[in-house]
Amino acid sequence: MEYSFLKTYNLFLLAVFFLVLVDTLALAKHAGITRHYKFNIQMQNVTRLCQTKNIVTVNGQFPGPRIIAREGDRLVIKVVNNVQYNVTIHWHGVRQLRSGWADGPAYIAQCPIQTGQSYVYNFSITGQRGTLFWHAHISWLRVTLYGPIVILPKKGVAYPFPQPFKEVPILFGEWWKADVEKIISQALQTGGAPNISDAYTINGLPGILYNCSANDTFKLKVKPGKTYLLRLVNAALNDELFFSIANHSLTVVEVDAVYVKPFKANTILITPGQTTNVLLKAKHFHPNATFLIAARPYATGPASFDNSTTTGILEYHQPSTNTMKSNKFPLLKPKLPIFNDTAFATSFVKKIRSLANAKFPANVPKKVDKHFFFTVGLGLNPCPQNQTCQGPNNTKLAASVNNISFVQPNVALLQSHYFNQSKGVYTTDFPVNPPFKFNYTGNPPNNIFVTTGTKVVMLPYNTSVELVMQDTSIVSAESHPLHLHGFNFFVVGQGIGNYNSSKDPANFNLVDPAERNTVGVPSGGWVAIRFLADNPGVWFMHCHLEVHTSWGLKMAWMVMDGKGSKQKLPPPPADLPNC
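Reading the values: the criteria
- Just so you know, the residues in each chain are numbered from 1, in the order the chain's sequence is written.
- Two thresholds apply to this predicted model, a pLDDT of at least 70 for residue-level local features and 80 or more for giving and counting side-chain atom pairs, whereas whole-chain, interface and lining totals are computed over all residues.
- To get the side-chain values, take all heavy atoms of the structure and skip hydrogens and water.
- Only residues whose relative accessible area exceeds 30% and that form no salt bridge enter a patch; like-charged residues are grouped when within 9 Å of one another, and nonpolar side chains (Val, Leu, Ile, Met, Phe, Trp, Tyr) when within 5 Å.
- Where accessible areas are quoted, they stem from the Shrake-Rupley method and a 1.4 Å probe; at the residue level, only the protein chains shown are allowed to cover.
- The salt bridge criterion pairs a side-chain nitrogen of Lys or Arg with a carboxyl oxygen of Asp or Glu, the two atoms within 4 Å.
- Secondary structure counts use DSSP, requiring at least four H or I residues in a row for a helix and at least two E residues in a row for a strand, with both numbered from the N terminus.
- Between buried and exposed lies partly exposed: a residue is buried under 20% and exposed over 50% of the maximum accessible area for its type, with that area taken using a 1.4 Å probe on protein chains only.
- When checking whether two residues touch, look at their non-hydrogen atoms; a contact exists if any pair is within 4.5 Å.
- UniProt positions are given in the numbering used here, feature names are shortened, and annotations may be inferred rather than shown by experiment.
- In short, DSSP must find at least two bridges between two strands for them to pair.
- Axis definition: a line fitted to C-alpha atoms, over the contacting stretch in the case of helices. Angles run 0 to 180 degrees between N-to-C directions.
- For this analysis, a nonpolar core means a set of buried residues of the types Ala, Val, Leu, Ile, Met, Phe, Trp, Tyr and Cys, connected via side-chain atoms within 4.5 Å.
- Classification of ring pairs rests on two measures: the distance between centres of Phe, Tyr or Trp rings, Trp counted by its six-membered ring, which must be within 6.5 Å, and the angle between planes, read as stacked under 30 degrees, edge-to-face over 60 and tilted in between.
- Only lysine NZ and arginine CZ atoms are considered, and such an atom sits over a ring when it is within 6 Å of the ring centre and within 35 degrees of the ring normal.

Where nonpolar side chains cluster on the molecular surface, the patch consists of Ile208, Leu209 and Leu331 and spans about 230 Å² of accessible area. Structurally, Ile208 is set in the loop between β10 (199-202) and β11 (218-222). Here Ile208 falls in the partly exposed class, since its relative accessible area comes to 32%.

Following this line, the structure appears as structure tokens:
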């Protein structure tokens, strides 16, 4: 009797041990690791469009190095500043849960890293997988300081779409022959619009349609019948882009590092700050042709813009039996929408829906604690005395949210908030609604001057927020890609014209809306988003057209600590830069 009890007990112990072992192994399999990177910010000579230029780079690379991590990993990235400019790096779209000190926008999350100094960005990737990107977040340095962030699923976890044969990051950028820092500094002094770029680029290369750029053309070589995952990033400074590959259909499977219901599209619209993953299925047989990959701007305002096209070439690997050289093949070109095709933009954006299944739920806040209505758009500032300005009627161009043009403080908002030293740095009276009502998309009011200030919105921890952003036609109606730091949000509604609070909410999608970090406020229209303020800290929200951010189209949300220890912002790291 005692023997059989002992035998049973030992078997029970063995089973428990085996279960614990399996559980531990499973945990180890899914536990994140720490990945270390070093970013040396240094000058590098780069030649484009027949001209050599000294640009700011990471480790001498342009575009900058790829960061690869898995969901659940920790990233420790040491940034050393060896250039004459102050620098910060933003990890665009990373949730930064309780790691606001690593978010990166200058004078919001941190003081910049000064020449000769360094700072270690330390953060975890929580609940995200897909494509994001990193870029400088001070002045216009992100023009050359950017690179992709590839977040793979946890080990052993498959994509919710066919496993691609190969993955290829495709980064769109903008190139100026002149010194971009001088361009924006001069524009801010004169009050006029800055000079437009000289070219767009794909992975830093302008492509065959530009002077001297036949050799500076991105080439994508594919094998017949194989599927490729293209990780698209719009890192351009000031332009939304249409993207297409001749005679090939693309399947959209993810935006802003969130899986979406797959849909086919010949042309993709992607705004600065957005990322889109698409599947490209190569043709089954060698087509005896090469195909142009092309991107060109979607532009809605009256301002001049760089109306050029960047190109790459899609080539099929030659079967050994084919002796024809690929340069003898005909080059087929895609048909892209015209530059101001808002109808295409609207219909494309409406196709983007969250997967919203058991594995990848869309946790849309159904109950709203706080409603906000923000106007976003351009306005004017008076010209200083004894100066001639280049804005309309001798004014300076400006931009605002609820008519407040944000003034950058000289110390970081997050530090001031954390140490309770707000006096003289910021005020908490950011308006919940526009200061006065008018026909936002019709004739502008008589006074179109903005007011200036460093104002923030305070939110208690775990507040559910609904924010409607309305474009204005004060200087002109224009599409504005708005990026929110520290959160993903759900795009529950959008429309053209003025938002109607009594009618429009009835059509909100609360089931499977797109979840993103950057959304285009339609030209002459509005967009409604919802998010849960579950991340304590100070979070920047701004237009990702860099010129509009420079003019003041930005603000900040201050999310207070919650009660639990996991709901509080930890103290700053010891090496946090000083202002």
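That was the structure; now back to the text.
This next bit is on the side chain of His92. Mapped onto the elements, His92 comes out in strand β5 (residues 89-92). Leaving out residues up to four positions away in the same chain, His92 has contacts with Leu132, Phe133, Trp134, His135, Gly273, His483, Asn517, Thr518 and His544.

Attention now goes to the UniProt feature "domain: Plastocyanin-like" (unreviewed entry) in the protein chain. Annotation from UniProt places "domain: Plastocyanin-like" (unreviewed entry) at residues 41-155, 167-318 and 430-561. Regarding residues 41-155, the helix share stands at 0% and the strand share at 46%, and the terminal C-alpha atoms are separated by 32 Å. Its end C-alpha atoms 20 Å apart, residues 430-561 is made of 4% helix and 44% strand.

This part takes up the pattern of salt bridges. This structure, assessed with the given rule, holds 12 salt bridges. Two residues, Lys455 and Asp429, come together in a salt bridge whose shortest N-O distance is 3.1 Å. Remark: Asp429 occurs in the loop between α4 (413-418) and β24 (451-453) and Lys455 occurs in the loop between β24 and β25 (456-459); sequence separation between them is 26 residues. Look at Asp429 and you get partly exposed, because its relative accessible area is 46%.

For the rest of this paragraph, the subject is the sheet that holds strand β3 (residues 67-70). What the four strands build is an open sheet, ordered β3-β8-β7-β5; its pairing is mixed. At either margin of the open sheet sits one strand with a lone partner, and together these are β3 and β5. Each strand of the sheet is rotated relative to its neighbour by a mean of 20 degrees, with strand direction disregarded. Sheet analysis places strand β7 (residues 130-136) next to strand β8 (residues 146-152), joined by six bridges and oriented antiparallel.

Membership of the largest hydrophobic core comes to 54 residues, with the highest contact counts inside it found for Phe172, Leu220, Leu230, Leu232, Phe243, Ile268 and Leu314. Ignoring any residue separated from it by four or fewer positions in sequence, one finds Leu220 in contact with Val168, Leu230, Leu280, Ile293, Ile313, Leu314 and Glu315. Of all hydrophobic cores here, the second largest spans 45 residues; its members include Ile41, Tyr107, Phe123 and Phe540.

Attention now moves to unusual backbone geometry. Of note, the amide linkage connecting Phe62 to Pro63 takes the cis form, showing an omega dihedral of -10 degrees. Its identity is not glycine, yet Asn403 carries a phi of approximately 65 degrees, on the positive side. With respect to the secondary-structure elements, Asn403 resides in the loop between β22 (395-401) and β23 (404-406).

What follows is about the packing of aromatic side chains. The full count for this structure, using the stated rule, is 35 aromatic pairs. With a centroid separation of 6.2 Å and an interplanar angle of 55 degrees, the aromatic rings of Phe406 and Phe540 are classed as tilted. With a gap of 134 residues between them, Phe406 in strand β23 and Phe540 in strand β32 (residues 537-543) connect regions that are remote in the sequence. Take Phe406 and Phe540: they sit in the same class, and that class is buried. Taking 5.2 Å as the distance between ring centres and 40 degrees as the angle between the ring planes, the aromatic pair formed by Phe487 and Phe531 counts as tilted. Of this pair, Phe487 sits in the loop between β27 (480-484) and β28 (489-496) while Phe531 sits in strand β31 (residues 525-533), and the two are 44 residues apart along the sequence. A connected cluster of aromatic rings, assembled from ring pairs, spans Phe372, Phe374, Phe430, Phe487, Phe531, Trp539 and Trp557. Across from the ring centre of Trp175, 5.0 Å away, lies the NZ or CZ of Lys53, which sits over that ring.

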